Amino acid sequence: MEDNIAQFCGVTGASVKDAKKYLEKFKRVDIAIDSFYNDPGMFSNTATPTAATSRRPEAPSTSKLNTLFDKYKASDGDDIMMDGTMELCEDLDLSPDEDCVLYALAYELKSPRMGEWNRKGWVEGWKSAGSDNITAMKAAIARMRTKLASDPVYFQKVYVHTFDFARAAGQRSLPIESAQAFWSTLIPHALKGGALSHISSAEGGDIDMDGGWTDKYTQWWFDFLAEKGGKGVSKDTWVMFTEFVRTIDSKFENYDAEAAWPSQIDDFVEYAKARVNSG
């Protein structure tokens, strides 16, 4: 609890007394911080207002963000590169190989390629996130992680950007191994949080909690790609794959083969049907 209070106070500038009230009400520090930003005077009727609860937090400092950028940027260039990215991940307590929130961060900071960050995207992105120090950045990343898991529109924006920034210069597709590495973190995260909840084929597209894609089918997709998927994943396949995941039924029977699905997905449906029928 003490760590959460310290984080809350460091990000918002609120008193310890107010931090305890927000944390007791909302339980999670990221939700509590968001609630403070939305209504800093929520408890003013039950407690003496403080300077922190009577005004919104100050805007993030451009100077502080530039100083942080300089800490991580390459000594022989103007951008943060891979070494600086690894140091940044260490400071933010992130695992670059396992945590898909980095793809959300890349979207927010307009990272042009994996492991690269330019100053303009860094400053504008972190200012938009309300952060100019490591403590505040950690809180912002926690909010991004929750939103990435639960918000279908936000997830799709991050997902599409991931394809663009992951491609090597001049490439039109992603190598199978690279695509699989991204899918292996993004898809389970969105399935668990609801961003890829199954949509009923009935008119209106209501969320159907009883059917649809599971982690088992993600593994089937990987098996298919390893056996018959070719060398790369096109942008069409990448972008439309999430719609396929959200709409296909658990027996792969409601698939419209006449629709404009990429051939890679057409072929996978036949592969999956064979596995369903084989028991």
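Scroll up a little and you will see the structure.
Please read all numbers here as calculations on a predicted model, not as lab measurements. (Residues numbered from 1 in each chain as written. Predicted model: local features only at pLDDT ≥ 70, side-chain atom pairs only at ≥ 80, totals over all residues. Heavy atoms only, no water.)

> Talk me through helix α6 (residues 101-108); I want residue IDs and the actual numbers.
α6 sits mainly inside the fold: six of its eight residues count as buried. Taken together, the buried positions of α6 are V101, L102, Y103, A104, L105 and A106. On the buried face of α6, the contacting elements are α5 (82-91), α7 (119-128), α8 (134-150), α9 (152-166) and α10 (176-193). Looking one or two residues beyond α6, the residue adopting positive phi is K110, at roughly 55°. (Buried < 20%, exposed > 50% of the residue type's maximum accessible area, 1.4 Å probe, protein only. Helix = DSSP H or I, 4+ residues; strand = E, 2+ residues; numbered from the N terminus. Contact = heavy atoms within 4.5 Å.)

> Which residues make up the layout of surface pockets, and what are the values?
By volume, the second largest pocket amounts to about 310 Å³. Contributions of two or more residues to the lining of the second largest pocket are made by α5, α6 and α10. Across the lining of the second largest pocket, the residue classes tally to eleven nonpolar, three polar and two charged. Looking at which domains feed residues into the lining of the second largest pocket, each of domain 2 (62-141) and domain 3 (166-200 + 207-278) gives three or more. (1 Å grid on protein atoms, 1.4 Å probe; cavity = no way out; pocket = protein on both sides within 12 Å on 5 of 7 lines; lining within 4 Å. Points joined across faces, edges and corners; volume = space filled by probe spheres on them. Nonpolar A, V, L, I, M, F, W, Y, C, P; charged D, E, K, R; others polar. Domains from an automatic or database assignment.)

> Run through the pattern of salt bridges, naming residues and quoting values.
Think of it this way: side chains of opposite charge can pair up when their charged atoms draw near. The tally for this structure, following the rule as stated, stands at nine salt bridges. The shortest N-O distance in the salt bridge between E124 and K120 comes to 3.1 Å. Remark: K120 and E124 occur in helix α7; sequence separation between them is four residues, near one turn of the helix. The class for E124 is partly exposed, based on a relative accessible area of 39%. (Salt bridge = Lys/Arg side-chain N within 4 Å of Asp/Glu carboxyl O.)

> Can you lay out unusual backbone geometry for me, pointing to particular residues and giving the numbers?
A positive phi is found at D93, a non-glycine position, where the angle reads about 60°. Assignment of secondary structure puts D93 in the loop between α5 and α6. Here the phi dihedral of F252 falls at roughly 60°; this positive angle occurs in a residue that is not glycine. Here F252 shows up in the loop between α12 (235-247) and α13 (263-277).

> With reference to specific residues and values, describe the nonpolar core.
Ranked by internal contacts, the top residues of the largest apolar core, which has 65 residues, are W122, W126, W183, W213 and F244. Inspection of this core shows a minimum of three residues originating in each of domain 2 (62-141) and domain 3 (166-200 + 207-278). When near neighbours in sequence (up to four residues on either side) are disregarded, W213 contacts I187, L191, T218, W221, F241, F244, V245, I248, F252 and F268. Counting residues in each nonpolar core, the second largest holds 13 residues, with F8, C9, A14 and A32 among its members. (Core = buried A, V, L, I, M, F, W, Y, C linked by side-chain atoms within 4.5 Å.)

> Outline helix α4 (residues 62-72), listing residues and values.
Every buried residue of α4 is listed here: L65, L68, F69 and Y72. Take α4 and look down its axis: the buried residues cluster within an arc of 105°, on one side only. Exposed residues on α4 whose side chains face more than 90 degrees from its buried face are S63 and T67. With a side-chain oxygen positioned 3.3 Å from the backbone nitrogen of S63, the residue opening α4 is S61. (Arc of directions from axis to C-beta. Polar contact = N/O pair within 3.5 Å; in protein donor to acceptor, adjacent residues only side chain to side chain.)

> A description of the environment of W238 should follow, citing residues and the corresponding values.
Relative to the helices and strands, W238 resides in helix α12. Taking the C-alpha atoms as reference points, W238 and T162, separated by 76 residues in sequence, lie 9.8 Å from one another. Apart from the residues within four sequence positions on either side, W238 is in contact with Y159, V160, T162, F163, L174, A179, F182, W183, L186 and V233.

> Help me get a handle on the packing of helix α11 (residues 215-228) against α13, residues and values and all.
Where α11 contacts α13, the axes come no closer than 10 Å and their chain directions differ by 115°. Note that α11 runs across α13; the crossing there is right-handed. Between α11 and α13, the residues in contact are Y217, W220, W221, D223, F224, L225, E227 and K228 and Q264, I265, D267, F268, Y271, A272, R275 and V276, respectively. Considered class by class, the residues forming the contact of α11 with α13 number ten nonpolar, one polar and five charged. (Axes fitted to C-alpha atoms, helices over the stretch in contact; angles between N-to-C directions. Left-handed = near helix turned anticlockwise from the far one by under 90°.)

> Could you give me a rundown of the side chain of D132, with the residues and numbers involved?
Among the structural elements, D132 can be located in the loop between α7 and α8. K64 is the oppositely charged side chain nearest to the buried, salt-bridge-free D132, at an N-O distance of 4.3 Å. Of note is the side chain of D132, whose polar atom sits 2.8 Å from the backbone nitrogen of S61. In terms of polar contacts, D132 uses its side chain to reach the side chain of N133, at 3.0 Å. When residues no more than four places from it in sequence are discounted, the contact partners of D132 are P60, S61, K64, L65, L68 and M137. (Lys, Arg positive; Asp, Glu negative; His and termini not counted.)

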